[in-house]
2 protein chains.
Amino acid sequence: MDIAELCKAAKAAKYELQTLTTAKKNEVLTEVSKVLLDNSEHILLENAHDIAAATSKGLSIALIDRLRLNEERIAAMAEGLVQITHLPDPIGEVMETFERPNGLKIEKCRVPLGVIGIIYEARPNVTVDAFGLCFKSGNAVILKGGSDAIHSNTVISSCIRQALKNCGVTEDALCFVEATDRETALQLMQMSDDIDVLIPRGGAGLIRSVVENSRIPVIETGTGNCHIYIDDSADLKMAKEIIINAKTQRIGVCNACESLVVHEAVKETILKEVAAALQEKRVEIRGDEATVDLLACKAATEEDFGREYLDLIISVKTVASIDEAIAHINRYNTGHSECIITQDVQHAERFLNEVDAACVYVNASTRFTDGYEFGFGAEIGISTQMLHARGPMGLRELTSYKYKVRGNGQIRK
Amino acid sequence: MDIAELCKAAKAAKYELQTLTTAKKNEVLTEVSKVLLDNSEHILLENAHDIAAATSKGLSIALIDRLRLNEERIAAMAEGLVQITHLPDPIGEVMETFERPNGLKIEKCRVPLGVIGIIYEARPNVTVDAFGLCFKSGNAVILKGGSDAIHSNTVISSCIRQALKNCGVTEDALCFVEATDRETALQLMQMSDDIDVLIPRGGAGLIRSVVENSRIPVIETGTGNCHIYIDDSADLKMAKEIIINAKTQRIGVCNACESLVVHEAVKETILKEVAAALQEKRVEIRGDEATVDLLACKAATEEDFGREYLDLIISVKTVASIDEAIAHINRYNTGHSECIITQDVQHAERFLNEVDAACVYVNASTRFTDGYEFGFGAEIGISTQMLHARGPMGLRELTSYKYKVRGNGQIRK
């Protein structure tokens, strides 16, 4: 099927999906879970083709690991769908009601976005996760994965479509793009008549390409140049624990800490100890002049302060005041997650109010920016833009609304 | 100032604006109102340059009328600002609070979008309206108007910046783009590091150009191919009143009715009378085969059903069922405003649930899709997209949110 036909099919499906009952949606999700488990042998066989191709192409061990499926990972994908059945259905919620002086009764009701396009890279589990979240929130989804996972994604998509069919629901709730070339991706990004929203999931290059080329509204996710500011009133032990956690608990993720901002009054005390703890965890420190003087570490360039390392590297900037800290963070951050460690309530409130980011923390690790940690029960990504949704996006963030207006003959004067 | 500097100035201003008190914002709005009135002579002089140029260019009378200012229109712009001072300030509202099992306290708080870019055409009043709404909602605004209004917009912008200065608030809360060429507009659309959202206000050509070229998230507004469906249970008198109102009360607006869908059971009765009433108002009818047979009117082409006429023309489609009506509307509508006229409660509910549009009406004119009519007190436009905001956009729709997370040393396991 070519892209235009595929998009038309997804658009036709969205009208059916927006009126599905919660029970029916949960039935489908449960059935998908079952079909995946029943077909795990077949899925592993197809996955082995991808792994073999990736190996002969010389992809990195980390990439191959992301690509690899096994019984356990298939079980986890299936279990993820079952968990989605337990989440409340956002669709149909009446968000507000109001009556106008002329008697019009207006209801603001939550509805699906419609058709969501997802362009992603080499993680086959995204095929299942993205379908599950989009489907539960009443959306049709068009999935375009990377070439490295094409065999795995194809068989997983077939399983999902089979399960939809088994339940008597349109298979086009999931439309899978078989082509993996860049031209097809570009073509997809032009289909604004049929696709309501595009969500890229993957590295910075993929996201940039989508933002630059899409004619469809995009939700930008992912990039996190997250800072922790050690205020002059910070508690040493807390600072050390939070920073080690935020920097080293998992380094390749968008909510990991990439930069420290330190009040100069505590550089001799807290920074020294934090630096020692970081170095013990083999984290390379790149500091400004004062930090280099103090620690004899590598010097940070201007570029370092804007970097999302996703690696065992951290930049350090010393400041003379909380004002300078806030200005530095607002200059370099990516609107993801920012933290102050402080015992000063006024400084905490200023930081919360004045730092511009999706999630601003007082005395807690930036690693909590996550749909599960926030209690949303699921996550399609972390939005770093201002429009529509900001921060962790769960089911509710995959919805829009409509106004239902009930009258009895009102006309405008 | 070149575009890059202008955008940097607006971005710097946004941090100051997001912490302004409501009282201060209202003080500024009142001051702007005063400065505009004090300078009305100067504004009219500059406006006269625009009018002279437009006249010698041979612009249409309608366009010149939109461009023209007089004492009364300046007073109306000033009064509009005073009205905005009376609206509740959306910023700082705590939208939700929740506590996680680990003790993290999370608050979802309403914040400004940041920097809003507005690209508009030849209405000088947009300069004042857009500033007023963006400013009250804590945003910095970059305005780029059309060349036809350049003298008027320049002097109005200077008045606004003077008022900001008089109140001790950064003048860059309003950044005005002096260049009016297309290249500058294209350059503006690339400034995604500095501008958070772009809202085009104007005709279909302008909106298409912004959607196609912008790298900044766009809110698409305006196009309305609005339908009214006359159900087989419709009340004749109500149908006639609503349709005449929706089609003819004001023809050049996006919430005007452009197409009738009629159940075939009532074509001999209701459609005939409605058509006569429309023709009395000099509305040209373009119908499908059954309508042409009935009324001997002009035949509608496929293209007619997708047209937003903004003129004394209406298309008519007959259908055999409400299903067919809903399918027709979902195929041709632009996601703006759709109406059913019916006495059948089940048909009303099906229409409300199944027609995909920002505003769906039962027994009321589509002309009510409007920020003032909805009680929002103001309007920056009508969104026809799914992301962020749908339908009339008031102050609240010019905001985003952030999560404030308060901990006492929590780290992720």
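All values reported here derive from a predicted model rather than from experimental measurement.

The rules we used
- Residues numbered from 1 in each chain as written.
- Chains lettered and ligands numbered in written order.
- Predicted model: local features only at pLDDT ≥ 70, side-chain atom pairs only at ≥ 80, totals over all residues.
- Least-squares fit on C-alpha atoms with pLDDT ≥ 70 in both.
- Contact = placed C-beta atoms within 7 Å.
- Core = buried A, V, L, I, M, F, W, Y, C linked by C-beta atoms within 7 Å.
- Buried ≥ 20, exposed ≤ 12 C-beta atoms within 10 Å, placed from the backbone.
- Helix = DSSP H or I, 4+ residues; strand = E, 2+ residues; numbered from the N terminus.
- Expected span 1.5 Å × (residues − 1).
- Pairing = 2+ DSSP bridges.

*Asks:* Which parts of the structure should I look at to understand the relation of the copies chain B and chain A?
*Replies:* In screw terms, the move from chain B to chain A is a rotation of 180° and a rise of 0.0 Å along the axis, fitting with an RMSD of 0.0 Å. As the rotation angle and translation indicate, the two copies are arranged about a two-fold axis. Taking C-alpha positions as reference, the residue of chain B nearest the rotation axis is His 388 of chain B, located at 1.8 Å. Comparing contact sets, 100% of the residues at the interface of chain B also lie at the interface in chain A, consistent with an isologous, same-surface contact.

*Asks:* Can you help me understand the nonpolar core in this one?
*Replies:* Nonpolar side chains in soluble globular proteins tend to be buried together. Counting 138 residues, the largest nonpolar core has Val 141 and Ile 142 of chain A together with Val 141 and Ile 142 of chain B as the members making the most contacts within it. Contact partners of Ile 142 of chain A, with chain neighbours within four places excluded, come to Leu 6, Cys 7, Ala 10, Val 115, Gly 117, Cys 175, Val 177 and Ile 195 of chain A.

*Asks:* In this structure, what is going on with unusual backbone geometry? I would like to understand it.
*Replies:* Note: most peptide bonds trans; most residues except glycine with negative phi. Residues and elements named next belong to chain B. Positive phi, close to 60°, is recorded for Arg 282, a residue that is not glycine. Within the fold, Arg 282 resides in the loop between α11 (267-280) and β9 (284-287). Positive phi values are uncommon outside glycine, yet Asn 363 reaches one of about 55°. Relative to the elements of secondary structure, Asn 363 occurs in strand β13 (residues 359-364).

*Asks:* Which parts of the structure should I look at to understand helix α6 (residues 125-136) of chain B?
*Replies:* Residue pairs spaced three or four apart in an α-helix point in one direction, given the helix's 3.6 residues per turn. Residues and elements named next belong to chain B. Compared with an ideal rise of 1.5 Å per residue, which puts twelve residues at 16 Å, α6 spans 17 Å between its outermost C-alpha atoms and is within 8% of the ideal. With eleven of twelve residues buried, α6 is to be regarded as a mostly interior element. After α6 finishes, the residue Gly 138 shows a positive phi value of roughly 80°.

*Asks:* Which parts of the structure should I look at to understand the pairing of strand β12 (residues 337-341) of chain B?
*Replies:* Consecutive residues of a regular strand have side chains that alternate between opposite faces of the sheet. Residues and elements named next belong to chain B. With five of its five residues buried, β12 lies for the most part within the structure. Here β12 shows a buried face lined by Ser 337, Cys 339 and Ile 341 and a second buried face lined by Glu 338 and Ile 340. Here strand β7 (residues 226-230) runs beside β12; their pairing, made up of four bridges, is parallel. Residue pairing across strands places Tyr 229 opposite Ile 340, the latter belonging to β12.

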